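# A look at the structure
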Amino acid sequence: MITYFIMQVLPYISITVFVIGLLYRLGRWANARIVHAITLTPAPTTEAGAILNIVKEATFFSSLFKSDRALWAGAWIMHMSLFLILAGHVLGIGLLGRQFAYIGLTSEETSELLSTLMGTFFGMVLLISLLYLLYRRLSMNEVRIISAPSDYMLLLLLIGIVLAGNLMRFVPQWGIHYEPVRDYVARLITLAPITSEMEVMSKPALMIHILLVQLLMLVFPFSKLLHSAGMFAHRYIINRPIVEPAPGLPGSQDKVPEEK
């Protein structure tokens, strides 16, 4: 019964909460009035320049690099390895690990081997970077003071997800091939029933991995993890081209009365 709930029912609940919560939070940001001219200088003079600044910040974390290079190293490595792992999950499961063969780089067998090796490597890099960030929160007094219990909970949740995924790679009998996982995902998408005979239902490590991912999706829209989406809104506000008067300012369309 618990297995059925985790693998068949909870996915729809977590996806619904994730999507609605994300749209709600983004909607609140989009509808909020910007009542102060807070564009930072030097500011770009065009929309293209503003977008370029946002892309540079999202890719290289340049502002964090300037303020704390030790934190930048751990955070940048963690985010980049997480991005590559998420992309690898989509391509690996969707294309059965043969993505490199489809673009003509290797044979199908070599592509599957490369997918496994890259997933294992970046999985370990991600785990080490998360442990470093946790150690930093615990060991540095100035960071520990501003850390909330939720910060530790989110880090431990991410570590649990990555640890379960890595165990499936290092312990063969706990692992699973691409085909059964793709079949499981396809059944969820098409609202087809998940049967007890499916291989995914007999893999405890996979179920723990999926359960923790779903818990993360449930809390994501209401946690600090939403900075991954909020960063783009924030960076645009402080990098948008200078316009006088600043859009959103109360009475910006009114003429300033002349002094007598």
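Here, every reference points to the structure presented above.
For the structure given in this document, a descriptive report is provided here. Since the structure is predicted, the reported quantities are computational estimates derived from the model, not experimental observations. (Residues numbered from 1 in each chain as written. Predicted model: local features only at pLDDT ≥ 70, side-chain atom pairs only at ≥ 80, totals over all residues. Heavy atoms only, no water.)

A few words on the pattern of salt bridges. Considering all chains together, one arrives at seven salt bridges under this definition. Between Arg98 and Glu112 there is a salt bridge, with the nearest N and O atoms lying 3.2 Å from each other. A residue pair is termed long-range when its members are at least 10 positions apart, and Arg98 in the loop between α4 (69-94) and α5 (99-102) and Glu112 in helix α6 (residues 108-139) qualify at 14 residues. Here Glu112 falls in the partly exposed class, since its relative accessible area comes to 29%. The partner of Glu179 in a salt bridge is Arg98, and the shortest N-O contact between them spans 4.0 Å. Taken together, the positions of Glu179 in helix α9 (residues 178-189) and Arg98 in the loop between α4 and α5 put the pair 81 residues apart, joining distant regions of the chain. (Salt bridge = Lys/Arg side-chain N within 4 Å of Asp/Glu carboxyl O. Helix = DSSP H or I, 4+ residues; strand = E, 2+ residues; numbered from the N terminus. Buried < 20%, exposed > 50% of the residue type's maximum accessible area, 1.4 Å probe, protein only.)

Bringing the side chain of His209 into the picture now. Looking at the element boundaries, His209 is found in helix α10 (residues 204-219). Note on His209: relative accessible area 14%, which makes it buried. Within the structure, the side chain of His209 is placed 2.9 Å from the backbone oxygen of Ile161, a separation counted as a polar contact. Residues contacting His209, with those up to four places away along its chain left out, are His89, Ile161, Ala164, Gly165 and Met168. (Polar contact = N/O pair within 3.5 Å; in protein donor to acceptor, adjacent residues only side chain to side chain. Contact = heavy atoms within 4.5 Å.)

Here α4 crosses α9 at 95 degrees, and the two axes come no closer than 8 Å. Regarding the angle of α4 to α9, the classification is roughly perpendicular. Of the residues in α9, those touching α4 at Gly92, Ile93 and Gly94 are Tyr178, Val181 and Arg182. (Axes fitted to C-alpha atoms, helices over the stretch in contact; angles between N-to-C directions. Parallel < 35°, antiparallel > 145°, perpendicular 65-115°, else oblique.)

With 21 residues, the main nonpolar core has Leu126, Leu130 and Leu216 as its most contacted residues. The element contributing the most residues to this core is helix α8 (residues 149-170), with eight residues. Apart from residues no more than four positions distant in its own chain, Leu130 is found in contact with Met78, Leu155, Leu158, Ile159 and Val162. One finds Met7, Met201, Met207 and Ile210 within the second-largest nonpolar core, a separate group that totals 13 residues. (Core = buried A, V, L, I, M, F, W, Y, C linked by side-chain atoms within 4.5 Å.)

Non-glycine residue Leu96 carries a positive phi angle of around 60 degrees. Structurally, Leu96 can be placed in the loop between α4 and α5. Its relative accessible area of 9% is what places Leu96 among the buried residues. The phi dihedral of Leu191 falls on the positive side, at around 60 degrees, and the residue is not glycine. By the secondary structure assignment, Leu191 is in the loop between α9 and α10. Overall, the relative accessible area of 65% leaves Leu191 in the exposed class.

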